[in-house]
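Chain by chain, the residues run as shown.
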There are 2 protein chains.
Amino acid sequence: MNKKIKIGLFGFGCVGQGLYRVLSQAQHIQAEIVKIGVKDLSKPRTLPAHLFTGNAAEILDDPSVDVVVELISDAEAAYDIVTTSLKRGKHVVTANKKMVAAHLPELVALQEEYGASLLYEASSCGSIPIIRTLEEYYDNELLHEVKGIFNGSSNFILSKIFNENLSYATALKQAQGLGFAEADPTLDIGGYDSRSKLAIIAAHAFGIFVHPEEIFCYGIDNLKQQDIDFAKENNFKIRLVARAQKRAAGSINLSVIPQFVKSTDKFYSVENEYNAVLVEAAFSDQQAFIGKGAGGNPTGSAVLSDISALTYDYRYEYKKKSKAAGLSYSTDQLLEVYIRTNSALPELGLVPGWESSHFNGGSYIKGKILLSRLLNIKQALQQAGAFVATFSEAEAINAESKTADTKTVVII
Amino acid sequence: MNKKIKIGLFGFGCVGQGLYRVLSQAQHIQAEIVKIGVKDLSKPRTLPAHLFTGNAAEILDDPSVDVVVELISDAEAAYDIVTTSLKRGKHVVTANKKMVAAHLPELVALQEEYGASLLYEASSCGSIPIIRTLEEYYDNELLHEVKGIFNGSSNFILSKIFNENLSYATALKQAQGLGFAEADPTLDIGGYDSRSKLAIIAAHAFGIFVHPEEIFCYGIDNLKQQDIDFAKENNFKIRLVARAQKRAAGSINLSVIPQFVKSTDKFYSVENEYNAVLVEAAFSDQQAFIGKGAGGNPTGSAVLSDISALTYDYRYEYKKKSKAAGLSYSTDQLLEVYIRTNSALPELGLVPGWESSHFNGGSYIKGKILLSRLLNIKQALQQAGAFVATFSEAEAINAESKTADTKTVVII
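Quick caveat: nothing in here was measured; it's all calculated off a predicted structure. (Residues numbered from 1 in each chain as written. Chains lettered and ligands numbered in written order. Predicted model: local features only at pLDDT ≥ 70, side-chain atom pairs only at ≥ 80, totals over all residues. Heavy atoms only, no water.)

It is worth spelling out the packing of aromatic side chains at this point. All names here are of chain A. Tallied over the entire structure, the rule returns 35 aromatic pairs over all chains. Relative to F391, the ring of F260 lies with its centre 5.2 Å away and its plane at 35°, an arrangement referred to as tilted. Pair noted here: F260 is in strand β10 (residues 251-261) and F391 is in strand β16 (residues 387-391), with a separation of 131 residues, a long-range link. This pair shows no difference in class: F260 is buried, exactly as F391 is. In this structure, K237 packs its charged tip against the face of Y268, placed 4.2 Å from the ring centre. (Phe/Tyr/Trp six-rings, centres within 6.5 Å; stacked < 30°, edge-to-face > 60°. Helix = DSSP H or I, 4+ residues; strand = E, 2+ residues; numbered from the N terminus. Buried < 20%, exposed > 50% of the residue type's maximum accessible area, 1.4 Å probe, protein only. Lys NZ or Arg CZ within 6 Å of the ring centre and 35° of its normal.)

Written out as structure tokens, the structure is:
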């Protein structure tokens, strides 16, 4: 594509507005926004009315539109826009992690079938170029692990709690006031946003496609003062950590779980709306990528890079998809966890055989559990108001080795 | 390239040996080492003798060798190997920053003329995928600044001095013992290694090609206890920082200078052999990339990624080269510096007009100076045993604004 590309934009919030401004001023990016699709055409706008339309077809049916940039929050409407665009051979840039994660295999197939390119760097970890880096740089054979703080809103809340002694409720309100958290913060604090990003990142890191709903995810919404006190007494902070790990046997474990982190942990100093991704590979050891993960500009930054890449005909090649033949998703992973419930623990059936040395007046329990079991009892844990967290010093132990460690292991 | 690529390797030190081991075990990387060129054929080897040759032509003249991996330390011999290989249409992976930086325009031209690809991620910042990221992800129009700790050896020494109160000499010896510094450490501690990397990074960040010798570079070799005391009294650490900055007028300033960093600075916590790169762009704000910068494995990691990329026909496109028409290299930048000499400062002619409030018994002076002036007086500074450092809180001020700030500015 060497001509100036014509963009049809859906959504005109702060990212869309910033994007329009930058593209109008940019001399070298060969791209211009020719039409903007919005839900509410009657809203006052800073740009001429002829640029806007309330009718998606006006963009999707226009053969002169080369690229569709989708920046709306409604995942279902986004799915319609993106799939229709791809089927008409239009390249697409989207920031919608929920939509991408839920439909990834289909979106890959559509790209192949219709020859259009779908880029979504903005969907994962704000301004950190993690998808492009995984896609272009890291070979899956050398990759051991990709983990990170993938959600800026919940990290902002956790930072305020630990650094400024704010209550959970006050910290959440601050996050919402600054635009880092939605009015309904469930996706952020429940870990679902991180889980969608993890599914996308796992596809580009290891070539495996796992539907988000198959991934265990536990948020920070049940975090109580007792948990904060436990963390502080032990010199921990809490971070919401998403993790994709390759096991020796060729299986990939995926999870989103709060984690107690020590001051020596790389995540300890990642504060506020920042995201961090740690990539561990055979030779390179640990690489850290740190950047802003919430707010309009980080998203805008990633969208811009994707648009710029389209001017060079860039597309994800999903190179690892075919290589991943030997890799499979597995929940057969042993984790060392802390579980604190409002009701008594025995009701959950968690006690027998667990390490009881850390049992503290019935308020919390510390022990080992299989990831698959956590997935099964998630609803019961949530109903009991349980807060669940892993320990940073406890490297996840391969379930295969549990026979050597039977004293501290029970599969409940 | 879909067949298994055949690699001719030059150099069989720890990186070469690790590379051979990984490639022998890897099932998915379609590459094998078929011949290894070494200087000393009589050295005992762990591999069969028929793999080795003391005659470079045996590799360079062999039409079945697709890719040459050059891992020798001699920059001149490396230049011959690399240019000969490119001229014969062989793709090349090299880790030799000095050679790449000194000959970059010619190496780009050779790639264009002969259609062969030259990759050198391993030349810059160890395992951090910075060249690939700059090349593929960041548009130069949006990039403001790329700066970093580019040399693991000098950072290791500075860390030991500040964290363990080691003397400069002891820290240097430790770095050499661990293989982080060469027997002749001049390139590392003199800043020349960082300077070569900065020249390469500037080409991929901004599309400008500047010969390393045109870039001001001042190392840590004159660091004395007084300087360490000054830093500690002011709660600073010292880091050797390489920096490429775009100015409003379209000029690019480049420098390698020790810097006093405060605890709030991102570089403060980058310790030992780690490298860090901070990329600042219009929308994304500051991105940090942190990874190991010295030792064999980080280099091996980058070499492996480049080999893997060649199996997909990857090549640098130097996209920003043509875009950089409006950008030019400039030393017209005002810096706030600390200068401490062994001999009295007036002998250097630095005193008149400088801020004298920080003058301390003649031992050091603090003030503003043009980068171009530093370049001119570098030899005199070195002869006077001067230690030079910039301040992290003093954002470099555009020289254009110096008329507004005449009281603290003198161009000596």
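Quick look at the sheet that holds strand β2 (residues 31-37) of chain A now. Strand pairs in the sheet, formed through backbone hydrogen bonds, run parallel or antiparallel to each other. Residues and elements named next belong to chain A. Taken in spatial order, the six strands make up an open sheet running β3-β2-β1-β4-β5-β6, and their pairing is parallel. Only two strands of the sheet have a single neighbouring strand rather than two, namely β3 (52-53) and β6 (118-119). Here six bridges tie strand β1 (residues 5-10) to β2, and the two strands are oriented parallel to one another. What sits directly across from L9, in β2, is I36. Along the sheet, helix α1 (residues 14-25) makes contact with β1, β2 and β4 (67-70), crossing β2 at roughly 150°. Of the strands in this sheet, β1, β2, β4, β5 (91-94) and β6 touch helix α11 (residues 296-310), which is tilted by about 165° from β5. (Pairing = 2+ DSSP bridges. Contact = heavy atoms within 4.5 Å. Axes fitted to C-alpha atoms, helices over the stretch in contact; angles between N-to-C directions.)

All names here are of chain B. It is at 9 Å that the axes of helix α6 (residues 152-164) and helix α7 (residues 168-177) come closest, and there the two elements cross at 135°. Taken together, the axes of α6 and α7 are oblique relative to one another. Note that α6 runs across α7; the crossing there is right-handed. The residues of α7 that touch α6, namely those facing F156, I157, K160 and I161, are Y168, A171, L172, Q174 and A175. (Parallel < 35°, antiparallel > 145°, perpendicular 65-115°, else oblique. Left-handed = near helix turned anticlockwise from the far one by under 90°.)

This brings us to α1 of chain A. Residue and element names in this part refer to chain A. Relative to the 16 Å expected for twelve residues at 1.5 Å per residue, α1 spans 17 Å between its end C-alpha atoms, a close match to the ideal helical length. Of all the residues in α1, the buried ones are V15, G16, G18, L19, Y20, V22 and L23. In this structure, the buried residues of α1 make contact with β1, β2, β4 and α11. (Expected span 1.5 Å × (residues − 1).)

Checked against the element boundaries, S196 of chain A lands in helix α9 (residues 192-206). When residues no more than four places from it in sequence are discounted, the contact partners of S196 of chain A are K97, K98 and A101 of chain A.

This paragraph deals with the side chain of S301 of chain A. Within the element layout of this structure, S301 of chain A appears in helix α11. According to the relative accessible area criterion, S301 of chain A is buried, its value standing at 6%. Residues contacting S301 of chain A, with those up to four places away along its chain left out, are S127 of chain A together with Y137, F283 and S284 of chain B.

This brings us to the confidence of the model for chain A. Detail in the predicted coordinates should be disregarded across regions flagged by low pLDDT. Residues and elements named next belong to chain A. Confidence along chain A averages 86 in pLDDT terms, with 89% of residues attaining 70 or more. Ignoring residues within four places in sequence, the model shows residues 355-359, a span with pLDDT below 50, making nine contacts including any to other chains. Counting contacts from residues 394-412, a segment whose pLDDT is below 50, to residues more than four positions away or on other chains yields 41 contacts. The complex model carries a pTM of 0.87, and its ipTM stands at 0.84. (pLDDT = per-residue confidence, 0-100.)

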